[in-house]
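The lines below spell out each chain.
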Amino acid sequence: MTGRPAAVRGGAGPAGPLLVAAAAAWVWTATRWGGMQTMPGTMGLGLPAFLAVWTLMMAAMMLPATAPVASLYARTVTLHRAARMAVFTVAYLLVWAAAGLPAYGLAAGLGRVVGLPAVAGTAVAAAVFAVNGVYQLTPLKDRCLARCRSPIGLMMRYASYPGRTRDLRAGAHHGAFCLGCCWSLMVLLAAFGVMNLWAMVVLTAVITMEKLAPAGRLVARAVGIASLTLAVAVFWVPALAPGLTGGGTSGM
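Basis of the calculations
- Per chain, the residues get numbers from 1 upward, laid out in the order the sequence is written.
- Selection of residues for local features in this predicted model requires a pLDDT of at least 70, selection of side-chain atom pairs for listing and counting requires 80 or more, and totals for whole chains, interfaces and linings are taken over all residues.
- With hydrogens and water excluded, all non-hydrogen atoms of the structure serve as input to the side-chain values.
- Secondary structure elements are taken from DSSP: a helix is a run of H or I of four residues or more, a strand is a run of E of two residues or more, and numbering for both begins at the N terminus.
- Any residue under 20% of the maximum accessible area for its type is buried, any over 50% is exposed, and the rest in between are partly exposed; the area is computed with a 1.4 Å probe on protein chains only.
- As used in this record, nonpolar core signifies buried Ala, Val, Leu, Ile, Met, Phe, Trp, Tyr and Cys residues forming a set joined through side-chain atoms within 4.5 Å.
- The contact definition used throughout considers only heavy atoms, calling two residues in contact when any of these lie within 4.5 Å.
- We call Phe, Tyr and Trp rings a pair once their centres come within 6.5 Å, taking the six-membered ring for Trp, and we label the pair stacked below 30 degrees between planes, edge-to-face above 60, and tilted otherwise.
- Each ring is checked for a lysine NZ or an arginine CZ that lies within 6 Å of its centre and within 35 degrees of its normal; such an atom marks a charge sitting over the ring.
- Inter-axis angles, ranging from 0 to 180 degrees, are taken between N-to-C directions of lines fitted to C-alpha atoms, where helices are fitted over the stretch in contact.
- Orientation is classified from the angle alone, with under 35 degrees giving roughly parallel, over 145 giving roughly antiparallel, 65 to 115 giving roughly perpendicular, and any other angle giving oblique.
- We call a crossing left-handed when the near helix sits turned anticlockwise from the far one by less than a right angle, and right-handed when that turn is clockwise.

## Remarks on the environment of V27
Inspection of the secondary structure puts V27 in helix α1 (residues 16-33). On the basis of relative accessibility, which here comes to 53%, the residue V27 falls in the exposed class. Taking the C-alpha atoms as reference points, V27 and A60, 33 residues apart in sequence, are found 8.9 Å from one another.

## Re the nonpolar core
F50, M57, M62, Y73, W96, F129 and M186 are the most contacted members of the largest nonpolar core, which totals 71 residues. Take this core: its biggest share by element is 15 residues, from helix α2 (residues 47-74). For M62, the contacting residues outside a window of four places in its chain are Y92, W96, C178, C182, M186, I207 and K211.

## Thoughts on the packing of aromatic side chains
Both the distance between ring centres and the angle between the ring planes are used here to describe each pair of aromatic rings. If you walk through the whole model with that rule in mind, you get seven aromatic pairs. For the ring pair Y73 and F88, a centre distance of 4.7 Å and an interplane angle of 20° mean the geometry is stacked. Taken together, the residues span a long stretch of sequence, with Y73 in helix α2 and F88 in helix α3 (residues 81-111) at a distance of 15 residues. When sorted by exposure, Y73 lands in the same class as F88, which is buried. Among the aromatic residues, those joined into a cluster by ring pairs are Y73, F88, Y158 and Y161. For R169, the ring lying beneath its charged end belongs to Y161, and the centroid distance is 3.9 Å.

## What about the packing of helix α4 (residues 118-136) against helix α7 (residues 166-192)?
Packed helices, taken two at a time, are described by the angle between their axes plus the distance between the axes. Running from N to C, α4 and α7 point in directions that differ by 160°, and their axes come no closer than 9 Å. Taken together, the axis directions place α4 and α7 in an arrangement best described as roughly antiparallel. α7 is crossed by α4, and the crossing has left-handed handedness. Contact residues: α4 offers V128, F129, V131, N132, Y135 and Q136, while α7 offers G180, C181, W183, S184, L185, V187, L188, A191 and F192.

## Description of unusual backbone geometry
Backbone geometry at H80 places phi at a positive 55°, although glycine is not the residue there. Residue position: H80 is located in the loop between α2 and α3.

What follows is the structure, encoded as C-alpha coordinates:
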(Lines give C-alpha, C1' and ligand atoms only; values in the text may rest on other atoms or scores of the structure.)
Protein backbone atom coordinates (compact mmCIF):
# COMPACT_ATOMS: atom_id res chain seq x y z
CA MET A 1 0.00 0.00 0.00
CA THR A 2 1.93 3.00 -1.25
CA GLY A 3 -0.82 5.59 -1.19
CA ARG A 4 -0.32 6.26 -4.88
CA PRO A 5 -3.29 6.16 -7.24
CA ALA A 6 -3.90 2.97 -9.15
CA ALA A 7 -2.01 2.84 -12.43
CA VAL A 8 -3.35 1.10 -15.51
CA ARG A 9 -0.77 -0.47 -17.78
CA GLY A 10 -1.24 -1.85 -21.23
CA GLY A 11 -3.85 0.63 -22.41
CA ALA A 12 -7.34 1.49 -21.29
CA GLY A 13 -9.04 -1.52 -22.90
CA PRO A 14 -10.89 -2.89 -19.86
CA ALA A 15 -11.81 0.65 -18.79
CA GLY A 16 -13.24 1.54 -22.18
CA PRO A 17 -16.81 0.25 -21.59
CA LEU A 18 -17.01 2.10 -18.27
CA LEU A 19 -15.93 5.35 -19.87
CA VAL A 20 -18.43 4.85 -22.68
CA ALA A 21 -21.17 4.20 -20.11
CA ALA A 22 -20.16 7.34 -18.21
CA ALA A 23 -20.22 9.40 -21.41
CA ALA A 24 -23.65 8.07 -22.30
CA ALA A 25 -24.92 8.92 -18.82
CA TRP A 26 -23.54 12.47 -19.17
CA VAL A 27 -25.22 12.93 -22.55
CA TRP A 28 -28.54 11.65 -21.24
CA THR A 29 -28.36 13.80 -18.11
CA ALA A 30 -27.44 16.95 -20.02
CA THR A 31 -30.04 16.54 -22.78
CA ARG A 32 -32.92 15.27 -20.64
CA TRP A 33 -32.44 17.09 -17.34
CA GLY A 34 -30.03 19.92 -18.07
CA GLY A 35 -32.86 22.45 -18.10
CA MET A 36 -33.72 21.67 -14.48
CA GLN A 37 -30.45 23.26 -13.32
CA THR A 38 -30.85 24.32 -9.68
CA MET A 39 -34.46 23.25 -9.15
CA PRO A 40 -34.72 22.34 -5.45
CA GLY A 41 -35.82 19.13 -3.81
CA THR A 42 -36.71 16.01 -5.75
CA MET A 43 -37.52 18.03 -8.92
CA GLY A 44 -41.11 16.82 -8.68
CA LEU A 45 -40.08 13.19 -9.23
CA GLY A 46 -41.52 10.22 -7.39
CA LEU A 47 -39.18 7.75 -5.72
CA PRO A 48 -38.77 5.30 -8.68
CA ALA A 49 -38.06 8.08 -11.19
CA PHE A 50 -35.74 9.85 -8.76
CA LEU A 51 -33.75 6.64 -8.19
CA ALA A 52 -33.40 6.09 -11.93
CA VAL A 53 -32.15 9.64 -12.49
CA TRP A 54 -29.92 9.46 -9.41
CA THR A 55 -28.30 6.22 -10.59
CA LEU A 56 -27.56 7.69 -14.01
CA MET A 57 -26.05 10.75 -12.34
CA MET A 58 -23.83 8.53 -10.19
CA ALA A 59 -22.77 6.56 -13.28
CA ALA A 60 -21.78 9.81 -14.98
CA MET A 61 -19.92 11.17 -11.96
CA MET A 62 -18.30 8.06 -10.45
CA LEU A 63 -17.40 5.73 -13.31
CA PRO A 64 -14.57 7.90 -14.73
CA ALA A 65 -12.70 7.79 -11.41
CA THR A 66 -13.50 4.10 -10.97
CA ALA A 67 -12.27 3.01 -14.40
CA PRO A 68 -8.60 2.45 -13.34
CA VAL A 69 -9.64 0.20 -10.46
CA ALA A 70 -12.03 -1.67 -12.73
CA SER A 71 -9.20 -2.17 -15.22
CA LEU A 72 -7.01 -3.54 -12.45
CA TYR A 73 -9.75 -5.93 -11.42
CA ALA A 74 -10.34 -6.97 -15.04
CA ARG A 75 -6.75 -8.19 -15.20
CA THR A 76 -7.60 -10.76 -12.51
CA VAL A 77 -10.36 -12.16 -14.74
CA THR A 78 -9.36 -14.69 -17.38
CA LEU A 79 -12.69 -16.09 -18.65
CA HIS A 80 -15.84 -14.27 -19.78
CA ARG A 81 -14.24 -10.95 -18.94
CA ALA A 82 -16.86 -8.71 -20.57
CA ALA A 83 -19.80 -10.38 -18.84
CA ARG A 84 -18.06 -10.50 -15.48
CA MET A 85 -17.02 -6.86 -15.67
CA ALA A 86 -20.62 -5.98 -16.46
CA VAL A 87 -21.63 -7.72 -13.22
CA PHE A 88 -18.89 -5.87 -11.32
CA THR A 89 -20.09 -2.51 -12.70
CA VAL A 90 -23.77 -3.23 -12.04
CA ALA A 91 -23.00 -4.23 -8.46
CA TYR A 92 -20.96 -1.05 -8.02
CA LEU A 93 -23.84 1.09 -9.30
CA LEU A 94 -26.38 -0.78 -7.17
CA VAL A 95 -24.59 0.53 -4.09
CA TRP A 96 -25.03 4.08 -5.36
CA ALA A 97 -28.63 3.32 -6.35
CA ALA A 98 -29.29 2.23 -2.76
CA ALA A 99 -27.75 5.50 -1.59
CA GLY A 100 -30.48 7.19 -3.61
CA LEU A 101 -33.02 6.19 -0.96
CA PRO A 102 -31.62 8.46 1.79
CA ALA A 103 -30.78 11.00 -0.92
CA TYR A 104 -34.46 11.12 -1.89
CA GLY A 105 -35.52 11.61 1.73
CA LEU A 106 -32.92 14.34 2.18
CA ALA A 107 -33.89 16.07 -1.06
CA ALA A 108 -37.59 15.91 -0.18
CA GLY A 109 -36.94 17.39 3.25
CA LEU A 110 -34.60 20.10 2.06
CA GLY A 111 -36.90 20.96 -0.83
CA ARG A 112 -39.32 22.37 1.71
CA VAL A 113 -36.69 24.77 2.99
CA VAL A 114 -37.07 26.94 -0.13
CA GLY A 115 -40.58 27.87 0.99
CA LEU A 116 -39.33 29.07 4.38
CA PRO A 117 -37.81 32.49 5.14
CA ALA A 118 -34.49 33.02 3.38
CA VAL A 119 -32.54 32.85 6.63
CA ALA A 120 -33.69 29.25 7.14
CA GLY A 121 -32.40 28.18 3.73
CA THR A 122 -29.13 29.95 4.35
CA ALA A 123 -28.70 28.23 7.71
CA VAL A 124 -29.39 24.82 6.20
CA ALA A 125 -26.96 25.54 3.35
CA ALA A 126 -24.30 26.46 5.89
CA ALA A 127 -24.92 23.15 7.67
CA VAL A 128 -24.61 21.22 4.40
CA PHE A 129 -21.30 22.90 3.59
CA ALA A 130 -20.05 22.34 7.13
CA VAL A 131 -20.92 18.63 7.08
CA ASN A 132 -18.91 18.11 3.94
CA GLY A 133 -16.05 20.26 5.18
CA VAL A 134 -15.72 18.36 8.44
CA TYR A 135 -16.03 14.93 6.83
CA GLN A 136 -13.38 15.73 4.23
CA LEU A 137 -10.90 16.16 7.08
CA THR A 138 -11.77 13.01 9.05
CA PRO A 139 -9.71 9.80 9.34
CA LEU A 140 -12.64 7.83 7.87
CA LYS A 141 -12.44 9.88 4.68
CA ASP A 142 -8.68 9.28 4.57
CA ARG A 143 -9.15 5.53 5.04
CA CYS A 144 -11.75 5.19 2.29
CA LEU A 145 -9.76 7.39 -0.05
CA ALA A 146 -6.60 5.37 0.60
CA ARG A 147 -8.40 2.18 -0.44
CA CYS A 148 -9.62 3.83 -3.63
CA ARG A 149 -6.17 5.22 -4.44
CA SER A 150 -4.17 2.08 -3.64
CA PRO A 151 -6.47 -0.88 -4.31
CA ILE A 152 -3.86 -3.65 -4.50
CA GLY A 153 -4.96 -4.96 -1.12
CA LEU A 154 -8.54 -4.98 -2.33
CA MET A 155 -7.55 -6.96 -5.43
CA MET A 156 -6.00 -9.62 -3.20
CA ARG A 157 -9.16 -9.74 -1.14
CA TYR A 158 -11.39 -10.01 -4.20
CA ALA A 159 -9.25 -12.83 -5.58
CA SER A 160 -10.12 -14.83 -2.47
CA TYR A 161 -13.86 -14.55 -3.05
CA PRO A 162 -15.15 -18.00 -4.09
CA GLY A 163 -17.84 -19.00 -6.52
CA ARG A 164 -19.99 -17.18 -9.00
CA THR A 165 -20.74 -14.26 -6.69
CA ARG A 166 -17.16 -13.00 -6.77
CA ASP A 167 -17.76 -10.18 -9.25
CA LEU A 168 -20.98 -9.13 -7.55
CA ARG A 169 -19.31 -9.02 -4.13
CA ALA A 170 -16.23 -7.24 -5.47
CA GLY A 171 -18.26 -4.54 -7.21
CA ALA A 172 -20.45 -3.97 -4.18
CA HIS A 173 -17.47 -3.89 -1.83
CA HIS A 174 -15.63 -1.34 -3.93
CA GLY A 175 -18.82 0.66 -4.32
CA ALA A 176 -19.16 0.79 -0.54
CA PHE A 177 -15.66 2.28 -0.21
CA CYS A 178 -16.44 4.84 -2.93
CA LEU A 179 -19.66 5.72 -1.14
CA GLY A 180 -17.75 6.14 2.10
CA CYS A 181 -15.28 8.35 0.30
CA CYS A 182 -17.69 10.58 -1.61
CA TRP A 183 -21.08 10.68 0.11
CA SER A 184 -20.54 14.10 1.66
CA LEU A 185 -19.60 15.56 -1.73
CA MET A 186 -22.91 14.31 -3.09
CA VAL A 187 -24.74 16.02 -0.22
CA LEU A 188 -23.46 19.30 -1.67
CA LEU A 189 -25.84 18.76 -4.59
CA ALA A 190 -28.63 19.66 -2.17
CA ALA A 191 -27.10 23.12 -1.81
CA PHE A 192 -26.26 23.65 -5.48
CA GLY A 193 -29.33 21.92 -6.93
CA VAL A 194 -29.60 18.19 -7.55
CA MET A 195 -29.50 18.55 -11.33
CA ASN A 196 -27.10 21.49 -11.48
CA LEU A 197 -24.83 20.38 -14.34
CA TRP A 198 -22.08 22.84 -13.43
CA ALA A 199 -21.99 21.46 -9.89
CA MET A 200 -21.93 17.90 -11.25
CA VAL A 201 -18.98 18.72 -13.51
CA VAL A 202 -17.01 20.36 -10.69
CA LEU A 203 -17.73 17.54 -8.23
CA THR A 204 -16.77 14.93 -10.83
CA ALA A 205 -13.45 16.72 -11.33
CA VAL A 206 -12.90 16.82 -7.55
CA ILE A 207 -13.68 13.12 -7.15
CA THR A 208 -11.42 12.18 -10.05
CA MET A 209 -8.53 14.28 -8.73
CA GLU A 210 -8.93 12.93 -5.21
CA LYS A 211 -8.68 9.36 -6.46
CA LEU A 212 -6.21 9.63 -9.33
CA ALA A 213 -4.03 12.71 -8.92
CA PRO A 214 -0.68 12.33 -7.11
CA ALA A 215 -1.78 15.03 -4.66
CA GLY A 216 -5.26 13.56 -4.24
CA ARG A 217 -5.20 13.66 -0.46
CA LEU A 218 -4.24 17.32 -0.50
CA VAL A 219 -7.12 17.94 -2.90
CA ALA A 220 -9.50 16.31 -0.42
CA ARG A 221 -8.25 18.49 2.41
CA ALA A 222 -8.36 21.64 0.28
CA VAL A 223 -11.96 20.88 -0.67
CA GLY A 224 -12.79 20.39 3.00
CA ILE A 225 -11.33 23.75 3.92
CA ALA A 226 -13.08 25.41 0.98
CA SER A 227 -16.38 23.86 2.04
CA LEU A 228 -15.98 25.17 5.60
CA THR A 229 -15.27 28.59 4.11
CA LEU A 230 -18.48 28.38 2.08
CA ALA A 231 -20.37 27.49 5.28
CA VAL A 232 -19.46 30.95 6.57
CA ALA A 233 -19.58 32.86 3.28
CA VAL A 234 -23.11 31.69 2.41
CA PHE A 235 -24.52 33.95 5.13
CA TRP A 236 -23.22 36.94 3.16
CA VAL A 237 -23.75 35.47 -0.31
CA PRO A 238 -26.85 33.21 -0.22
CA ALA A 239 -26.57 32.68 -3.99
CA LEU A 240 -23.70 30.29 -3.26
CA ALA A 241 -26.41 27.72 -2.43
CA PRO A 242 -29.13 28.31 -5.07
CA GLY A 243 -30.74 24.94 -4.38
CA LEU A 244 -31.67 26.02 -0.84
CA THR A 245 -31.96 29.78 -0.91
CA GLY A 246 -34.70 30.24 -3.49
CA GLY A 247 -32.58 30.77 -6.61
CA GLY A 248 -33.35 27.29 -7.79
CA THR A 249 -35.32 27.52 -11.01
CA SER A 250 -33.42 30.16 -12.92
CA GLY A 251 -30.12 28.37 -13.40
CA MET A 252 -26.64 29.43 -12.37
